[in-house]
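Structure at a glance
Chain by chain, the residues run as shown.
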Amino acid sequence: MREVRVIDSHTAGEPTRVVIAGGPDLCGGTVAQQLAAFRRDFDAFRSAVVNEPRGNDAMVGALLCEPSDASCTAGAIFFNNTGYLNMCGHGTIGLMVTLGYLGRLAPGVHRIETPVGVVSAELHEGNEVSLDNVPSYRESHALTVDAPGHGAVTGDVAWGGNWFFLVEGSPVPIDLAHVEELTAYTWAIRQALDAMGLSKIDHIEVFGPPRNPSAHSRNFVLCPGKAYDRSPCGTGTSAKLACLQAAGKLRPGEVWRQESIVGGVFEGSYSIVDGAVIPRIRGSAFVTADAKLILDERDPFLWGIRR
Ligand code: PYC
């Protein structure tokens, strides 16, 4: 019988499960090296934590680990129902609020080492966090793909800590009544990208008009494991900011409010540091459970239901 202590939270509706104790020993090194060890030797543990019957397809896990960079308060490896994320914006906000809940972080600025670099996050009062993400950029503009069953779709490719294909003007309304259609549409785009040898682009983000009068846009983000992000997606909003900057549509410091399909809002802005776009994403998270997972060797579904 093995016990794993987790703290669950949600950031604008999107769940994060932080593994506090009972995780695998990844033998140190950089967080990127620890991710390689996790992926190679402990993938069943990933599945046990986030997949059914303990989790669900939307659940994002965060394994708290030792940072190699002495300036960092913590290291984090993010994972989901089918694999690993490079970075996770909503997950970092959830992690900061979780560490605050545990009394391990005081309000203020802290650095977190992720597999793709160090991010800086400020824990504010009232469960709010501002995250300064990794440098973000638009890689291609107006790339057209042939999405099976949907025809030609044109979008931008951008990095915001994960790779995104961003499409303006969703042909499907962005609301919860259309989740299946949005999923089919964005999955077809993903298949088209795969067929073009662009499988590194594993997040698809489509935009439409906001419902909230204070927001600039509403999005639907399909994650790599085919679940949709309930939050506006921190790395997806970073990719969006990079595209707006490249298109000359948003100035440094100007605020962009990104609404999600469930109505949560992230406030985004960026600064230019050494010529690079550094997105700042502000959002809030709430702890929903402080729990102990039980991994029982007699359980035939001990390692979760894996796809
Ligand atoms: O907030 O960056 C994010 C994210 C990625 C996948 C799910 N959420």
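Small disclaimer: the values here were computed from a predicted structure and weren't measured. (Residues numbered from 1 in each chain as written. Predicted model: local features only at pLDDT ≥ 70, side-chain atom pairs only at ≥ 80, totals over all residues. Heavy atoms only, no water.)

1. Description of the environment of Lys249
By secondary structure assignment, the location of Lys249 is in the loop between helix H5 (234–246) and strand E14 (256–260). Its relative accessible area of 62% is what places Lys249 among the exposed residues. C-alpha separation for the pair Lys249 and Gly117, spaced 132 residues apart in sequence, amounts to 27 Å. (Helix = DSSP H or I, 4+ residues; strand = E, 2+ residues; numbered from the N terminus. Buried < 20%, exposed > 50% of the residue type's maximum accessible area, 1.4 Å probe, protein only.)

2. Examining the site of the ligand
Near the ligand, the surroundings consist of Cys88, Gly89, His90, His203, Cys223, Asp229, Cys233, Gly234 and Thr235. One of the backbone nitrogen or oxygen atoms of Gly234 is found 2.7 Å away from an oxygen atom of the ligand. Between the ligand and the protein, one listed contact pairs an oxygen atom with a side-chain N or O atom of Thr235 at 2.7 Å. Taking 250 Å² as the accessible area of the ligand by itself, protein coverage stands at 99%. Secondary structure elements with two or more residues in the shell around the ligand: helix H3 (89–101) and H5. Its residues placed into classes, the shell around the ligand shows three nonpolar, five polar and one charged. (Near = heavy atom within 4 Å. Polar contact = N/O pair within 3.5 Å; in protein donor to acceptor, adjacent residues only side chain to side chain. Areas by Shrake-Rupley, 256 points an atom, 1.4 Å probe, with all protein chains shown as cover. Nonpolar A, V, L, I, M, F, W, Y, C, P; charged D, E, K, R; others polar.)

3. A look at the pairing of strand E10 (residues 151–159)
Consecutive side chains of a regular strand alternate in pointing toward one face of the sheet and then the other. Taken together, the eight bridges between strand E9 (residues 137–147) and E10 define a ladder with antiparallel strand orientation. Within E10, the residue paired with Tyr137 across the bridge is Trp159. Between the antiparallel neighbours E9 and E10 lie three residues, among them Gly149 with a positive phi of about 85°. Direction of pairing for E10 relative to strand E11 (residues 163–167): antiparallel, over a ladder of four bridges. Along E11, the bridge assignment pairs Asp156 with Leu166. (Pairing = 2+ DSSP bridges.)

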